[in-house]
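What follows is the residue order along each chain.
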Amino acid sequence: MATGYFFSHRHILGIDELSKDDILHILDTADSFKEISARPIKKVPTLRGHTVINLFYEPSTRTRLSFEIAAKRMSADTFNISPSTSSATKGETLIDTARNISAMHPDIIIVRHSFSGAPHMLSRYVNAAVINAGDGAHEHPSQGLLDMMTVKEHKGRLNDLKIAIIGDISHSRVAHSAIEGFTTMGSEVHVFGPATLLPKGLEQLGAKVCTSMEEVVRDADVVMTLRIQLERQNDPLLPSLREYSRRFGVSQKMMSLAKPDALVMHPGPVNRGVELMPEVADSTQSVILNQVTNGVAVRMALLYLVMGNS
Amino acid sequence: MRQCEGVMERSWVIKNGRVVDPANKVDQQCDIIVQDGVISTGDEIGVDDLPVIDAAGCLVVPGLIDMHTHLREPGQEYKEDITSGTLAAASGGFTAVACMPNTCPVNDNSAVCAMILEKARSAAARVYPVGAISKGSEGKQLAEYGELRAAGAVAVSDDGLPVTDSQLMRRALEYASDFDLAVIAHCEDPALSTGVMNEGEMSTQLGLKGIPNAAESVMVYREIALAEFTGKKVHIAHVSTAMSVDLIRQAKARGVRVTAETAPHYFTLTDEAVSGYITNAKMNPPLRTGEDRAAVIHGLQDGTLDAIATDHAPHSILEKEMEFDVAAFGIIGLETAVPLTLTLLHQGVIDASRMVELLAVNPARILGVEGGSLAPGAAADITIIDPKLEFSYSVDQVVSKSRNSPFLDWTLTGRSMLTMVDGAVQFSRFI
Ligand SMILES: [Zn+2]
């Protein structure tokens, strides 16, 4: 890392805003926090007296729990607000909610929203630091970071790797953050999925678009599959999960094309037998649960860093 | 800056300006004499006694006509009304605007048309109502074009919405020709067009749902096919894509009676302006790519595109200060069209005569209204433009009731200095 480096981000809105040094610094910090979760007494006083609000406009169990555990292990006071998106459109606007919450002087607002850019807008109306916990089809930066942390732990590096991402790239903020992150770190991200789920402009984002399962998986260091949904807002994306699973599901046979020590990753929750065959999800190559463990550490690091600590 | 009220002087001599009047093949320094609201040769009056407007360094052109404006009255007067919208027009150099019928209620009948024209009697610019193609703009039944024409409508359009029923569109082209009403087509395939910005690299980067350029172009082609088959005229609104420009160019070459407009934002901005989730860069059709922008400019140059229209679409902060997905489509444009078009002039893309054709001569021709000419005997609708004046378009200068412009705080070059309708000065920045 460059000398004289300091982490200067007030908000964490997307990996697209982070440099290589930023990412390494976050991962190093997360690494140092990871052992806290292994202690019998899983709590440090670092963020005592700080108020953290989980503002989740979209249902989420895992991410919200992970952020909440991270905040509590740092001794912050946490509060969960889950306005449903429908009542939000009828009632209070996001800006009004933001101003009201801001008036109570929280230190950090963690926001998930079905609209891309909602955390960006929120950050313009509050004094607190804003962490994006997933916005529309845009980004899910803490997920991208925990993915990188997991890969780094197993591969010892984040450069010169072939990362294969398979599935619904169009609607996946996880894929987007992974593409931004891994390419920033010097790895190649290869993507594949049904043509209905491959958006335009992936090459400009830095990804390589493959034309077959064999091509995307061959010699990959990491095989990441994404959760699949048949239809979104009447957009006929796929005829059936059955056909998807046959053509795009990752089987043990397909994994044999990847490097022998390739990692299997998934942001969860897994549709077993659809995008990922059970024997692959449960194989020794699978690091899906390591991802979950690292999620807490990465989120502890983000909470710590946006509070101006280094 | 002043708005003139009360009994107005309607006789003038405009001196020292460069008169650009392509309808009469004039581009030269000369005086324009206005007598009792009409352009005159000055032979019969004592010119020396007339009040002088010194237009030194300025272009003196036929009053600009915006053929695509949303005045929001009746129904959404908190965004704009006929008074504020025409004042914004006059301040931007427009002496006339054609107002789209997507008001509440929709202008699909004589009562709404008459109400608009009644309000327009005291407005700062002429107002040409555009009636609806279909009743309630619901795309099901033709509106009563005879009644609309008699009440003062000059064109029909379901703007804001496409006419999805191709048979209805065909009948509209046919029936409108009986009443000499222009048919203005808002081209959008609603099934393809479910996104919030142009579909491409930027929409993927921002994670926003895209509107493919094909959503516009498939409908442009349908209108061309219908115009070609029926032999009737059609006017394509707000062209934004390279593919649409190509289709219109080819259709014109075949002799199809198609005309088309674009808006200043399509030749000035690209979808990169959305970056940062800027809702003032959200409009429909959306800002496209650099390639589309270049094609639109080329279309303005080679005559494929006939007019520049603003698609002035005022929205309050209630519709714009929110998440990008749910913010309203549209931007105001009356006050920035002249400087943005002048940019093309300064870049040598078009000359002054072509600019006047795009902003005055052709809109008048397409709508079948007076204007676009400074010939003696014509109504004295005149715009005076200082092509070099630099100004910053700051929020406090906005004349429209709404402020939804992506050009706020831009330094713009060139500004309308004076707007005269029927010889009466409606807006002036001289002193
Ligand atoms: Zn329209």
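Quick caveat: nothing in here was measured; it's all calculated off a predicted structure.

## Considerations on the interface of chain B and chain A
Working step 1: Contacts between the two partners involve 16 residues from chain B, matched on the other side by 24 residues from chain A.
Working step 2: Summed over the shared surface of chain B and chain A, the result is zero salt bridges.
Working step 3: The interface formed by chain B and chain A contains five residue pairs in polar contact (both at pLDDT 80 or more).

## Some words on the coordination of the zinc ion
Residues and elements named next belong to chain B.
Working step 1: Those donors, Asp159 (OD), His186 (ND1) and His238 (NE2), are the protein atoms that reach the zinc ion, and they lie 1.9 to 2.2 Å from it.
Working step 2: Positions of the donor residues of the zinc ion along the chain correspond to the pattern D-x26-H-x51-H. Highlighted residues: Asp159 in the loop between strand E11 (155–157) and helix H4 (166–177) and His186 in the loop between strand E12 (182–185) and strand E13 (197–198), separated in sequence by 27 residues. Pair check on accessibility: Asp159 and His186 agree, each one buried.

## Regarding the packing of helix H6 (residues 141–155) of chain A against helix H7 (residues 173–184) of chain A
Residue and element names in this part refer to chain A.
Working step 1: Where H6 meets H7, the axes come as close as 8 Å, and the angle between the chain directions of the two elements is 55 degrees. For the element pair H6 / H7, the angle class is oblique. Between H6 and H7 lies a crossing whose hand is right-handed. Contacts between H6 and H7 pair Pro141, Gln143, Gly144, Asp147, Met148 and Val151 from the former with Val174, Ser177, Gly181 and Phe182 from the latter.
Working step 2: Taken together, the residues that form the contact of H6 with H7 break down as five nonpolar, four polar and one charged.

## Some points on the side chain of B:Arg354
Residue and element names in this part refer to chain B.
Working step 1: Residue placement: Arg354 occurs in helix H12 (residues 352–367).
Working step 2: Here the side chain of Arg354 touches Leu305 through a polar contact of 2.8 Å, landing on its backbone oxygen.
Working step 3: Aside from chain neighbours lying at most four places away, what touches Arg354 is Gly299, Leu300, Gln301, Gly303, Leu305 and Asn362.

## Observations regarding the nonpolar core
Working step 1: Ranked by size, the top nonpolar core spans 95 residues in total, and within it B:Tyr145, B:Met169 and B:Ile236 carry the most contacts.
Working step 2: The leading source of residues in this core is H12(B), at seven residues.
Working step 3: In contact with B:Met169, other than residues within four places in its own chain, are B:Ile133, B:Val163, B:Val183, B:Ala185, B:Arg222, B:Glu223, B:Leu226 and B:Val234.
Working step 4: Core analysis: the next-biggest nonpolar cluster, separate from the first, contains 62 residues, A:Phe67, A:Ala70, A:Ile179 and A:Met224 among them.

## Digging into the sheet that holds strand E4 (residues 129–135) of chain A
Residue and element names in this part refer to chain A.
Working step 1: If you walk across this open sheet you meet the four strands as E2-E1-E3-E4, and the pairing is parallel. What marks the edges here is a single partner per strand, and that holds for strand E2 (77–81) and E4. Strand-to-strand, the axes of this sheet are offset by a mean angle of 15 degrees, without reference to chain direction.
Working step 2: When strand E1 (residues 51–56) meets strand E3 (residues 108–113), the two strands line up parallel, connected through five bridges. Residue Phe56 lies in a different strand from E3, and its bridge partner there is Arg112.
Working step 3: Along the sheet face, helix H4 (residues 94–103) touches E1, E2 and E3 and points at about 165 degrees away from the line of E1.

## Here we look at the sheet that holds strand E6 (residues 188–192) of chain A
Strand pairs in the sheet, formed through backbone hydrogen bonds, run parallel or antiparallel to each other.
Residue and element names in this part refer to chain A.
Working step 1: Spatial strand order, E7-E6-E5-E8-E11: five strands in an open sheet with parallel pairing. What marks the edges here is a single partner per strand, and that holds for strand E7 (207–209) and strand E11 (263–265). Ignoring which end each strand starts from, the neighbouring axes of this sheet average 25 degrees apart.
Working step 2: Of the strand pairs in this sheet, strand E8 (residues 222–225) and E11 are connected by three bridges, and their pairing is parallel. If you follow Met224 over to E11, its bridge partner there is Met265.

## With respect to helix H13 (residues 288–306) of chain A
The α-helix winds at 3.6 residues per turn, so residues separated by three or four positions along the chain end up facing the same way.
All names here are of chain A.
Working step 1: When the terminal C-alpha atoms of H13 are compared, their 27 Å separation across 19 residues agrees well with the 27 Å that a helix rising 1.5 Å per residue should span.
Working step 2: Within H13, the axis deviates most sharply at Asn294, by approximately 25 degrees.
Working step 3: Of all 19 residues in H13, 15 are buried; the element is thus mostly enclosed.
Working step 4: Two residues or fewer past H13, Gly308 is found with a positive phi of approximately 85 degrees.

Basis of the calculations
- Residues numbered from 1 in each chain as written.
- Chains lettered and ligands numbered in written order.
- Predicted model: local features only at pLDDT ≥ 70, side-chain atom pairs only at ≥ 80, totals over all residues.
- Heavy atoms only, no water.
- Contact = heavy atoms within 4.5 Å.
- Salt bridge = Lys/Arg side-chain N within 4 Å of Asp/Glu carboxyl O.
- Polar contact = N/O pair within 3.5 Å; in protein donor to acceptor, adjacent residues only side chain to side chain.
- Donors = N, O, S within 2.8 Å, 3.2 Å for Na, K, Ca; no water.
- Helix = DSSP H or I, 4+ residues; strand = E, 2+ residues; numbered from the N terminus.
- Buried < 20%, exposed > 50% of the residue type's maximum accessible area, 1.4 Å probe, protein only.
- Axes fitted to C-alpha atoms, helices over the stretch in contact; angles between N-to-C directions.
- Parallel < 35°, antiparallel > 145°, perpendicular 65-115°, else oblique.
- Left-handed = near helix turned anticlockwise from the far one by under 90°.
- Nonpolar A, V, L, I, M, F, W, Y, C, P; charged D, E, K, R; others polar.
- Core = buried A, V, L, I, M, F, W, Y, C linked by side-chain atoms within 4.5 Å.
- Pairing = 2+ DSSP bridges.
- Expected span 1.5 Å × (residues − 1).
- Bend = angle between axes of the 7 residues up to and from the residue.

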